[in-house]
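Each chain is listed here by its residues.
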Amino acid sequence: MTMRTELLERAPREILPGGGQGVLCAVSGGLDSMCLLFMLNAWCAERGGRVTAAHFNHQLRGEAADRDEAFVRETCRAWDIPLTVGRGDVQKHARQEGQTTEEAARNLRYQFLRQAAEAGGCGRVYTAHHADDNAETVLLNLIRGTGLRGLAGMDWQRGGLCRPLLDVTRAELEDYAARWNIPHVEDETNADPEAASRNLLRLQVMPLLKELNPRAAEHMGKTARQLQVIDRSLERDAAARTAHAEVREGRAALSTDALHGAPEAVRPRMLLRLLDLLGVGRRDVGARHLHALLDMAERTPQGGETLLSLPRGVTARCCRGWLILE
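As the structure is a computational prediction, the values presented were derived from the model and not from experiment.

### A short note on helix H4 (residues 101–119)
It helps to recall that an α-helix has 3.6 residues per turn; residues three or four apart then point in one direction.
Step number 1: For H4, which comprises 19 residues, the first-to-last C-alpha distance of 27 Å matches the rise-based estimate of 27 Å (1.5 Å per residue) to within 8%.
Step number 2: Residues of H4 that are buried: Ala104, Ala105, Leu108, Tyr110, Phe112, Leu113, Ala116 and Ala117.
Step number 3: Remark: Gly121 follows H4 within two positions and exhibits a positive phi of approximately 70 degrees.

### Thoughts on the pattern of salt bridges
Step number 1: One pass over the full model with this rule turns up 28 salt bridges.
Step number 2: Of the charged contacts, one joins Arg67 and Asp68 as a salt bridge, the two residues approaching to 2.6 Å between their closest N and O atoms.
Step number 3: Take Arg67: its relative accessible area is 37%, and that puts it in the partly exposed class.
Step number 4: According to the relative accessible area criterion, Asp68 is buried, its value standing at 6%.
Step number 5: Here Glu69 makes a salt bridge to Arg73, at a shortest N to O gap of 3.1 Å. Here Arg73 and Glu69 lie together in helix H2 (residues 63–79), a separation of four residues that amounts to about one turn.
Step number 6: Residue classification places Glu69 among the buried positions, given a relative accessible area of 7%.
Step number 7: On the basis of relative accessible area, Arg73 is assigned to the partly exposed category, the value being 38%.

### Quick word on the environment of Ala135
Step number 1: Among the secondary structure elements, Ala135 is positioned in helix H5 (residues 131–144).
Step number 2: Those residues within four positions of Ala135 in sequence are excluded, and the remaining contacts are Met206, Ala217 and Met220.

### Examining the environment of Ala105
Step number 1: Relative to the helices and strands, Ala105 is located in helix H4.
Step number 2: Residue classification places Ala105 among the buried residues on the basis of a relative accessible area of 8%.
Step number 3: Sequence separation between Ala105 and Glu326 is 221 residues, and the spatial gap between their C-alpha atoms is 33 Å.
Step number 4: Ignoring sequence-local partners within four residues, the contact set of Ala105 consists of His58 and Val90.

### What about the packing of helix H3 (residues 90–97) against H4?
The packing of two helices is summarised by the inter-axis angle and the distance between the axes.
Step number 1: The geometry of H3 relative to H4 is characterised by a closest axis approach of 8 Å and an angle of 110 degrees between their N-to-C directions. Here H3 lies roughly perpendicular to H4, going by the angle between them. Between H3 and H4, the contacting residues are Val90, Gln91, His93 and Ala94 on the first element and Thr101, Ala104, Ala105 and Leu108 on the second.
Step number 2: Within the contact of H3 with H4, the residues separate by chemical class into five nonpolar, three polar and no charged.

### Digging into the layout of surface pockets
Step number 1: Each pocket or cavity is described by its volume, and for the second largest pocket that value is around 150 Å³.
Step number 2: Along the walls of the second largest pocket sit Leu259, His260, Glu264, Arg267, His291, Leu294, Asp295 and Glu298, which together make up its complete lining.
Step number 3: Contributing elements (two or more residues each) for the lining of the second largest pocket: helix H10 (256–260) and helix H12 (287–299).
Step number 4: It is H12 that provides the largest number of residues to the lining of the second largest pocket, a total of four residues.
Step number 5: When its residues are assigned to classes, the lining of the second largest pocket shows two nonpolar, two polar and four charged.

### Thoughts on the sheet that holds strand S9 (residues 305–310)
Step number 1: Taking strand neighbours across the sheet as the criterion, the five strands line up as S7-S8-S11-S10-S9 in an open arrangement whose pairing is antiparallel. Lying at the two open borders of the sheet, with one neighbouring strand each, are strand S7 (246–248) and S9. Looking at each pair of strands side by side, their axes are set apart by 15 degrees on average, direction ignored.
Step number 2: H12 contacts S9, strand S10 (314–319) and strand S11 (322–325) of the sheet and is inclined by roughly 175 degrees relative to S9.

### Quick notes on the packing of aromatic side chains
For any two aromatic rings, the description comes down to two numbers: the centre-to-centre distance and the angle of the planes.
Step number 1: Counted by the stated rule, this structure contains five aromatic pairs.
Step number 2: A ring pair is formed by Phe56 and Phe112, whose centres lie 5.5 Å apart and whose planes are at 35 degrees; its orientation type is tilted. You can see Phe56 sitting in strand S2 (residues 50–57) and its partner Phe112 sitting in helix H4, a full 56 residues away along the chain.
Step number 3: Judged by relative accessible area, which is 11%, Phe112 ranks as buried.
Step number 4: One aromatic cluster is present, formed by Phe38, Trp79, Tyr176 and Trp180 through successive ring pairs.
Step number 5: Just above the ring of Trp43 sits the side chain of Arg47; from NZ or CZ to the centre is 3.4 Å.
Step number 6: Geometry around Tyr110 places Arg109 over its ring, the cationic atom sitting 5.4 Å from the centre.

What counts as what
Each residue is numbered by its place in its chain's sequence as written, counting from 1. Given that the model is predicted, a residue must reach a pLDDT of at least 70 before its local features are reported, and side-chain atom pairs must reach 80 or more before they are shown or counted; all residues, however, enter totals for whole chains, interfaces and linings. Hydrogens are left out, water is left out, and the side-chain values use all remaining heavy atoms of the structure. Put simply, DSSP marks the helices as runs of H or I at least four residues long and the strands as runs of E at least two long, and each gets a number from the N terminus on. Multiplying 1.5 Å by the residue count of a helix minus one yields the expected span of that helix. When a residue's accessible area, from a 1.4 Å probe over protein chains only, is under 20% of the maximum for its type it is buried; when over 50% it is exposed; and in between it is partly exposed. By definition, a salt bridge exists where a carboxyl oxygen of Asp or Glu is found within 4 Å of a side-chain nitrogen of Lys or Arg. By definition in these notes, contact holds between two residues if any of their heavy atoms fall within 4.5 Å. Between N-to-C directions, angles span 0 to 180 degrees; the directions come from axes that are lines fitted to C-alpha atoms, helices contributing only their stretch in contact. Oblique is the label for any angle not covered by the other classes, which are roughly parallel (under 35 degrees), roughly antiparallel (over 145) and roughly perpendicular (65 to 115). Each residue receives one of three labels: charged for Asp, Glu, Lys and Arg, nonpolar for Ala, Val, Leu, Ile, Met, Phe, Trp, Tyr, Cys and Pro, and polar for the others, Gly being one of them. Think of a 1 Å grid over the protein atoms and nothing else: a 1.4 Å probe that fits but is trapped marks a cavity, an open set flanked by protein within 12 Å on at least five of seven lines marks a pocket, and residues with an atom within 4 Å of a point count as lining. Grid points are joined across faces, edges and corners, and a volume is the space filled by probe spheres set on the points. Whether two strands pair comes down to DSSP finding at least two bridges between them. Ring geometry is summarised as follows: Phe, Tyr and Trp rings, the Trp one being its six-membered ring, pair when their centres sit within 6.5 Å, and such pairs are stacked at plane angles under 30 degrees, edge-to-face over 60 and tilted between the two. Lysine NZ or arginine CZ positioned within 6 Å of the ring centre and within 35 degrees of the ring normal marks a charge as sitting over the ring.

This is the structure in structure tokens:
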């Protein structure tokens, strides 16, 4: 470990780049991502690997967005780090897909990052989400309404995306940037509490929580990781209980006995697994749909049959002791 990479050492070793590996680092130009790029560059250099930076211009902030792109280009040139840049019409994508601007920006950004990683032969994508970001995510999910998965916060790693700074606070990154003279640019919208709900949490709610306990973000992160362990355990149980579901093209069926024999916390997850087996996935299926399915399986009389329409063109049918999705 060196002083340049000490904050990375808090992450599980398995998510950090191995010897000779090439990785992609998402860089906005802000303090967090510039610190991560600096750390990863040092880490990979010590191990014979390489880091490539990736910057996505959302084209939402006019000249400021172009300024950020130019700053990232200049810094990567000075640090001798390869850079790939992408651009996207977020507003157009939001209209076409019926998404909020925030959702569209996130989706386009991650699509670009995955494509850039594949094109550059990089096995993993690294982002600079930190402990305060994780705490804000947990709070947002709680406020909007969520289950255990939402309260479990961000994962260290999921789908090739790695977040090695989840145990590092924003204050620690600020100290790190000052110590190593790491340049960065500020997104002016981050200082506006009305620009996004996350800004309101960051600027007004989190400071109040930290008055109650300066380590509020850290404690929320630890609780979230404990919930992740429980969440994964429930998922494994659900997978085991649906392993013998009857599946053929356009149809997935599970006995109601298997459903009723499972712990209450596992039953909704079994239904979600059944949707996965059907091939339509879980998108647009909310708590009310799962509750309706469970209620149908519970109340359908012996010898009777009931039907229920679900999102994405799925019909659920309960008859003769079977729950069938088609």
